[in-house]
Amino acid sequence: MSELRYDPLQNRWTIIATERQQRPRDFVTRREVRRDKDDCPFCPGFEDRTPPEIAAIRDEEGTLAPDTDPGSEPSNWRVRVVPNRFPALSPEAGEVEWSRRGIYECINGVGAHEVIIEGPDHDLSMAEFPLDLTLDIFRMYRERLTALMQDRRLKYALIFKNHGATAGASLAHPHSQIIATPVTPRTVQIELVASLKHFRDTKKCLACDLIKQEEAEGKRIIYDDTKIIAFNSYASRFPFELFIAPKSHSAFFERTTDEELESLARCMRDVLGRLKRALDDPPFNYILHTAPNVSADPIPPGYWRSLGNDYHWHIEVIPRLVRTAGFEWGSGLHINPM
């Protein structure tokens, strides 16, 4: 069973997930790991190769072929969610249990690790998806966040996508993942503290002020449709790094409207299409940062009381064009050649 361990010097939690040693891709370097359509567990017709389905969006409720196992899911799905076969954390781990080992702290591996399979086509990417499929993917993000945040054991849920082996994808079929944790991750906590401080000082949202300044300067904006904006971050850590956010203040992605999700879908197809054309389909990661679970146990009195006003959900897109080396790892300072 996995567990979370706390590093008091770095103020950082680490998930120790020994079960993931079974993953065939672990420790393989400089080699693309792919599966053809005939051997892909995410392709239609191979639903029995994944753990049982958690949720799905289908074209219509169809029937199974006559020779299909009655317990199987039908193949007429557009977006499908299944548990990760090698989970970092599990909802079956019971209640959150803290323990100490001298100066060290530890939590049992409570959480969730799910895979969102993005459409039945093995060879397409989000840059090429039809708009309605991209919209369905974001609707599923919203649905899964809403469901996971009803679990009071979970403080945070992070949605992310790894595109390409260099970015961490072990299967070529388009998919993203969601990992829910009983702690607030360090990177998100840094954003939360910075946003809270800015709000206390100015009574304004930090991300809203960033967006206003980018609009005023007009140098780094990549996409703007009055609802969603995408721009190159002023202090980008990596070449072509993108910051995508709603222009109207919104802290919780799970409260996003269908109209806002459609704008987001248009934006993602546009900017990912540009990256694909300009950089010859580079590996990339994108990460969705939303507000933490305000119903999680235990919540100290007044904890993140202004969260709905000071935090702003956003997506970070990071093309993997340069290597993170010793200086970056040791200092936390990134060298961006662009």
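Going by the structure above, here's the rest.
Procedures and definitions
- Residues numbered from 1 in each chain as written.
- Predicted model: local features only at pLDDT ≥ 70, side-chain atom pairs only at ≥ 80, totals over all residues.
- Heavy atoms only, no water.
- Helix = DSSP H or I, 4+ residues; strand = E, 2+ residues; numbered from the N terminus.
- Buried < 20%, exposed > 50% of the residue type's maximum accessible area, 1.4 Å probe, protein only.
- Contact = heavy atoms within 4.5 Å.
- Pairing = 2+ DSSP bridges.
- Phe/Tyr/Trp six-rings, centres within 6.5 Å; stacked < 30°, edge-to-face > 60°.
- Lys NZ or Arg CZ within 6 Å of the ring centre and 35° of its normal.
- Expected span 1.5 Å × (residues − 1).
- Arc of directions from axis to C-beta.

Chemist: Looking at this structure, I do not really get the environment of Ile137. What am I missing?
Modeler: Note that Ile137 resides in helix 1 (residues 131-148). Residue class for Ile137 comes out buried when judged on its relative accessible area of 0%. With 19 residues separating them along the chain, Ile137 and Glu118 place their C-alpha atoms 6.5 Å apart. Discounting chain neighbours no more than four positions away, the residues touching Ile137 are Val79, Glu118, Met126 and Phe129.

Chemist: Hey, could you run me through the pairing of strand 11 (residues 228-232) in this one?
Modeler: Counting buried positions along strand 11 yields four of five residues, so the element is predominantly enclosed. In terms of strand pairing, strand 10 (residues 221-224) meets strand 11 through three bridges, oriented antiparallel. Looking at strand 11, one finds that Asp224 is bridged to Ile229. Counting the residues in the hairpin turn of strand 10 and strand 11 gives three residues, including Thr226, whose phi is positive at 80°. Taken together, the five bridges between strand 11 and strand 12 (residues 242-246) define a ladder with antiparallel strand orientation. Each residue of the ladder has a partner; that of Ile229, found in strand 12, is Ala245.

Chemist: Would you take a moment to explain the packing of aromatic side chains for this structure?
Modeler: Using the criterion set out here, one finds four aromatic pairs in the structure. Ring geometry for Phe138 and Tyr141: centres 5.4 Å apart, planes at 80°, overall edge-to-face. Linking Phe138 with Tyr141, this pair stays in helix 1, spanning three residues, or about one helical turn. This pair shows no difference in class: Phe138 is buried, exactly as Tyr141 is. An angle of 85° between the planes, with centres 4.9 Å apart, marks the rings of Phe253 and Trp313 as edge-to-face. Here Phe253 is found in the loop between strand 12 and helix 4 (258-279), whereas its partner Trp313 is found in the loop between helix 5 (307-310) and strand 14 (314-319), with 60 residues between them in sequence. A single burial state applies to Phe253 and to Trp313, both of which are buried. Taking NZ or CZ as reference, Arg255 lies 3.9 Å from the ring centre of Phe252, over its face.

Chemist: Honestly, helix 3 (residues 206-217) in this entry has me stumped. Any pointers?
Modeler: Residues separated by three or four positions in an α-helix point in the same direction, a consequence of the helix having 3.6 residues per turn. The end-to-end C-alpha separation of helix 3 is 17 Å, in line with the 16 Å expected for twelve residues at 1.5 Å each. The complete set of buried residues in helix 3 reads Ala207, Cys208, Ile211 and Glu214. Burial along helix 3 is one-sided: seen end-on, the buried residues are contained in an arc of 125°. Facing away from the buried side of helix 3, by more than 90 degrees, are the exposed residues Lys212, Gln213 and Ala216.

Function cannot be inferred from these measures alone, as they are strictly geometric.
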